[in-house]
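An overview of the molecular structure
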Amino acid sequence: MTTSVVGLDLGGTKIAAALFPTQGEPTHHKTVALEGRTGEAVGALLVEQMRALLDAAERESEPATGVGIAVPGIYRAAAETVWAPNIPGWENYPLVAAVRGAVPHGMTVRVQSDRACAILGETWRGGAAGARNAIFLVVGTGIGAGILVDGQIVQGIGDAAGAIGWLALDRPYRKGYETVGCFEYHASGRGIAAKARRMIEADRSYAGELRRGDVPTLTAEDVFAAYDNEDPIALRVLDDAVVYWGMAVANLVSLFNPETILFGGGIFGPGVRFLERIRDEATRWAQPISIQQVALKAAQLGDDAVLYGAGRLAMLSQSEDPARSSERT
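Quick summary incoming for the structure in this document. Remember, it's a predicted structure, so these values are computed and weren't measured experimentally.

What follows concerns the nonpolar core. Ranked by size, the top nonpolar core spans 53 residues in total, and within it Phe183, Leu210, Trp245, Ile261, Phe263 and Ile278 carry the most contacts. In terms of residue count, the dominant contributor to this core is helix 9 (residues 232-256) (14 residues). The contacts of leucine 210, once residues within four sequence positions are left out, are Ala196, Ile200, Val215, Leu218, Asp222, Val223, Ala226, Asp231, Ile233 and Ala234. Among the nonpolar cores identified, the runner-up in size contains 35 residues, and Leu8, Leu10, Ala17 and Met107 belong to it.

Attention now goes to unusual backbone geometry. In the segment running from arginine 171 into proline 172, the intervening peptide bond is cis, with an omega of 0 degrees. Turning to its location among the elements, proline 172 is positioned in the loop between strand 10 (152-153) and helix 4 (177-180). Cis geometry marks the peptide bond from phenylalanine 268 to glycine 269; its omega dihedral reads -20 degrees. Note on placement: glycine 269 falls in the loop between strand 11 (260-264) and helix 10 (275-285). A positive phi angle, close to 60 degrees, is found at aspartate 159, a residue other than glycine. Looking at where aspartate 159 falls in the secondary structure, it is placed in the loop between strand 10 and helix 4. For glutamate 230, which is not a glycine, the phi torsion comes out positive at approximately 60 degrees. As for its placement among the helices and strands, glutamate 230 is situated in the loop between helix 8 (220-228) and helix 9. We classify glutamate 230 as exposed; its relative accessible area is 62%.

The next subject is the sheet that holds strand 8 (residues 134-139). Strand order in the open sheet formed by 5 strands is 10-9-8-11-12, and the pairing between neighbours is mixed. Each end of this open sheet is capped by a strand with a single partner; those strands are strand 10 and strand 12 (295-298). For strand 8 and strand 9 (residues 143-149), the ladder comprises 6 bridges, and the chain directions are antiparallel. Along strand 9, the bridge assignment pairs isoleucine 135 with isoleucine 147. Set on the sheet, helix 9 makes contact with strand 8, strand 9, strand 11 and strand 12; between it and strand 11 the angle comes to about 145 degrees.

As a general feature of sheets, a regular strand has side chains that alternate between the two faces. Among the 8 residues in strand 4 (residues 64-71), 7 count as buried, and that is most of the element. Inspection of the sheet shows strand 1 (residues 4-10) paired to strand 4 by 5 bridges, in the parallel sense. The residue bridging leucine 8 from the neighbouring strand is isoleucine 69, located in strand 4. As paired elements, strand 4 and strand 7 (residues 108-113) share 6 bridges and run parallel to each other.

For the rest of this paragraph, the subject is the side chain of lysine 195. Within the secondary structure, lysine 195 is located in helix 6 (residues 189-202). Among the residues examined, lysine 195 registers a relative accessible area of 13% and is labelled buried. Here aspartate 240 takes part through its side chain, which lies 2.7 Å from a polar atom of the side chain of lysine 195. Excluding residues within four positions of it along the chain, lysine 195 makes contact with His186, Val237 and Asp240.

Calculation notes
Residues numbered from 1 in each chain as written. Predicted model: local features only at pLDDT ≥ 70, side-chain atom pairs only at ≥ 80, totals over all residues. Heavy atoms only, no water. Core = buried A, V, L, I, M, F, W, Y, C linked by side-chain atoms within 4.5 Å. Buried < 20%, exposed > 50% of the residue type's maximum accessible area, 1.4 Å probe, protein only. Helix = DSSP H or I, 4+ residues; strand = E, 2+ residues; numbered from the N terminus. Contact = heavy atoms within 4.5 Å. Pairing = 2+ DSSP bridges. Axes fitted to C-alpha atoms, helices over the stretch in contact; angles between N-to-C directions. Polar contact = N/O pair within 3.5 Å; in protein donor to acceptor, adjacent residues only side chain to side chain.

Here is the structure:
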């Protein structure tokens, strides 16, 4: 009999869900908006989507054997709770308890951070398929990383490993680093836009493309568009970002000696054009043998990487589980 698992990707504004058969492509892919829900209402919506998929699996004679859930924050495995700062009321949310009551007795429920699930998805069916030492560098509004070492997800004592927005890549320390970290301050989507705004405000003689728009609402997408037109501030901002991305890659390569580093998130995207330049910058800083052993690639699964990783998390047996501490039945 063909079986399946349920994958759920909880984000700050939506839930993506799909049924993953043990063979073939995912089915019943659906995305629903949180629409301002908070606290227990978010948990109830997630359980509702999960139950719909469990029922669909039964109807199609592909019964589900497990559930994998990706969360946008930290999963505290010992307490089975989630800290998700973008969801009000999820400072210490008892997610596993909420889900366990809605699944058949004995069904495996696994939870992991979205960073960890992203690397699981990409090493399963994406740009690093089959890799056992790989890093998924996610650059969007913020910056994070999913890290796989010898087939195991790196989690840390507080399940917070991969929060690389706090990499210290510049000095002196400046105001602004305390909330997002140095790397994220300079090279995230939000950081790129903020830096462009600061430069526009500081240069009264600048009359380029970025000033002609609405400066207070300037986005990273605007900066990339201006870069294509050789706007001088856009050129400086993104050239600086390339340096920060390259330094971060150098540090990750020197620490973990991975075979692949994947770039994803909203900035990569348009930032994929810089991969060769990022590698050149990283080569200046990195351990010289390790940098020659790593491939820098664009992630292939796009917005579905985390969802695929949640499905993969549910599929793994206990002996294969790259995050054994997160298994609950």
